[in-house]
Amino acid sequence: MNARPTSESVPAEQVFDWLDAEAARRAEAGLTRKLRPRGASTAELDLAGNDYLGLARDKRVAGAAAAATLRWGTGSTGSRLVTGSTELHAELEHELARFCGVQAALVFSSGFLANVAAVTALSGAESAIVTDKYIHASLIEGCRLSRSDVAAVAHADPAAVGHALATRRKARALVVTDSVFSVDGDLAPLTELSAVSREHGAALLVDDAHGFGVLGEGGRGAVHAAGLSAEPDVVTTITLSKALGAQGGAVLGPRRVIRHLVETARSFIFDTGLAPASAAAAVAALGVLKTEPHLPAKVLASATRLADLLREEGFAVSAPRSAVISVRTPSASGAVGWAERCAEGGIRVGCFRPPSVPDGVSRLRLTVHAGLTESDVDTAVKVISEAAPPGATS
Ligand code: PMP
């Protein structure tokens, strides 16, 4: 008889056998993910990390983190509403709000959790959400948890957003987008998205994770650059773990939005507060950004040089609008091999392939940072070109 085994009939050591089958399928498709621990000091050229301003190892920033650890302890000791709020958290929130020209800010232990909080707290079963179809996974997670009607519409398409808002079945609505899309580094049409959201009575939530510290006046971000940061119907999220070189995230916006998050956002209320070291590092990094407002321009200059030189070599390169550029590859396994050969040549690059990319197109993802010299960029182009798989150039 071919009876389906009951749960009792599966020996304990076979309970996870299905994981091996899935792993084998991924391996066959060349999609196995690898953790590659890096050394503390390395000669490798970093074109994969998000430390856009090179502040993660800046002595002023790391020193502030070390001092905060000695003063406040390694952990924040509790959730923000219990013992996890220190003077450092209050100072960071005050400084972020002032820097970005918003009424208030709230910091989280990660950008991912800030996004989940902002989406869920500003939507709900009585809301519609309209998103760009390429928003970050953390925003998608928020949408899934929100119990809202969710419509994911064409990429960077305000008309599609307008249509979805006009045909929604719920009175309240939230439009959600990244400012800089994390795969190709392209920009959302924020001005148009704000206008269409307002026309339909919807709030606009922008994830400025890759824009903050890189775009806008002195690195104030894409939302500030679009003149939207102080608008009453716009909310911004950022991460402290990219341009600020620290760890954590924040929501920026009208005071009543921040108050609502404190009262209702589960990833704020039930999560241990940001570590003191991270809060202090972010405050110090913000200080550096204020005293060295030219840093973001260096990032964009490097991105432009890298993109131009790679395009000259015949690669299909995204437009350099941020610290992120991508190079299209003929196949997923081609992308993985290309990235591995770059690493062997001393250049660490990112590799995005399905299922991390929703459009099924594999890419090398290159990020630049303020510390790169022109000769670093030239070296990177040489190594990337020599490591390219057949069919990568047109
Ligand atoms: N949003 C975007 C667009 C991101 O790229 C990331 C980080 N990968 C996040 C949010 C999450 O931020 P964090 O790493 O601080 O959790």
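All residue numbers here refer to positions counted from 1 along the written sequence of the relevant chain. Local features are withheld for residues below a pLDDT of 70 in this predicted model, meaning they are given only at 70 or higher, and side-chain atom pairs are given and counted only at 80 or more; totals for whole chains, interfaces and linings count all residues.

1. Here's the deal with the confidence of the model for the protein chain
Link 1 in the chain: The score called pLDDT rates the predictor's confidence residue by residue, from a low of 0 to a high of 100. Summarising the model, the protein chain shows a mean pLDDT of 95, and 98% of its residues fall at 70 or more.
Link 2 in the chain: Across the predicted assembly, pTM comes out at 0.95 and ipTM at 0.99.

2. With respect to the site of the ligand
Link 1 in the chain: Around the ligand sit 14 residues, and of these S110, G111, F112, A209 and T239 come closest.
Link 2 in the chain: Residue contributions to the shell around the ligand peak at three residues, all from helix α4 (residues 111-121).
Link 3 in the chain: Gly counts as polar in this scheme, as do all residues outside two lists: the nonpolar Ala, Val, Leu, Ile, Met, Phe, Trp, Tyr, Cys and Pro, and the charged Asp, Glu, Lys and Arg. Residues of the shell around the ligand, tallied by class, amount to two nonpolar, ten polar and two charged. We call a residue near a molecule or strand if the C-beta atom, set from the backbone, is within 6 Å of it. Labels follow the DSSP assignment, with helices taken as runs of H or I lasting at least four residues and strands as runs of E lasting at least two, numbered in each case from the N terminus.

3. Details of the UniProt feature "domain: Aminotransferase class I/classII large" (unreviewed entry) in the protein chain
Link 1 in the chain: UniProt positions are given in the numbering used here, feature names are shortened, and annotations may be inferred rather than shown by experiment. The UniProt entry lists residues 45-384 under the feature "domain: Aminotransferase class I/classII large" (unreviewed entry), expressed in the numbering used here.
Link 2 in the chain: Helix makes up 42% of residues 45-384 and strand 17%, and the two end C-alpha atoms of the span are 12 Å apart.

4. Some thoughts on the sheet that holds strand β11 (residues 363-367)
Link 1 in the chain: Read from one edge of the open sheet, four strands run β1-β10-β11-β9, paired in mixed fashion. Looking along the sheet, the strands with just one partner apiece sit at the ends: β1 (45-47) and β9 (324-328). Averaged over all pairs of adjacent strands, the angle between their axes in this sheet comes to 30 degrees, without regard to strand direction.
Link 2 in the chain: When DSSP finds two or more bridges between two strands, those strands count as paired. Two strands pair when backbone bridges link them, and β1 and strand β10 (residues 347-352) are joined in this way by three bridges, in the parallel orientation. Paired with L47 across the bridge in β10 is V349.
Link 3 in the chain: In the packing of helix α13 (residues 332-344) onto the sheet, contacts are made with β10 and β11, and the angle to β10 comes to roughly 165 degrees. Helix axes use the C-alpha atoms of the stretch in contact, all axes being lines fitted to C-alpha atoms, and the angles between their N-to-C directions lie in the range 0 to 180 degrees. We call two residues in contact whenever the C-beta atoms placed from their backbones are within 7 Å.

5. What to know about the nonpolar core
Link 1 in the chain: Ranked by internal contacts, the top residues of the largest apolar core, which has 127 residues, are A117, L205, A250 and V251.
Link 2 in the chain: Tallying contributions element by element places helix α11 (residues 276-291) first for this core, with ten residues.
Link 3 in the chain: Note: domain ranges come from an automatic or database domain assignment. Split by domain, this core shows at least three residues from each of two domains, domain 1 (59-291) and domain 2 (294-394).
Link 4 in the chain: Not counting the four nearest positions on each side in its chain, A117 is found in contact with F108, V251, L261, A265, S267 and F268. The nonpolar core is taken to be a set of buried Ala, Val, Leu, Ile, Met, Phe, Trp, Tyr and Cys residues joined by way of C-beta atoms within 7 Å. Labels follow a simple rule on C-beta atoms placed from the backbone: if 20 or more others lie within 10 Å of a residue's own, it is buried; if 12 or fewer, it is exposed; otherwise it is partly exposed.

6. Focus on the pairing of strand β5 (residues 172-178)
Link 1 in the chain: Among the seven residues in β5, six count as buried, and that is most of the element.
Link 2 in the chain: In this structure, strand β3 (residues 127-132) lies alongside β5, joined through five bridges in parallel fashion. By the bridge assignment, I129 is partnered in β5 with L174.
Link 3 in the chain: Two strands pair when backbone bridges link them, and β5 and strand β6 (residues 203-207) are joined in this way by five bridges, in the parallel orientation. In the strand pairing of β6, V175 is matched with L204.
Link 4 in the chain: Clockwise travel from the first strand over the helix to the second, with the strands pointing away from the viewer, marks a crossover as right-handed. For the segment spanning β5, helix α7 (residues 190-199) and β6, crossover handedness is right-handed.

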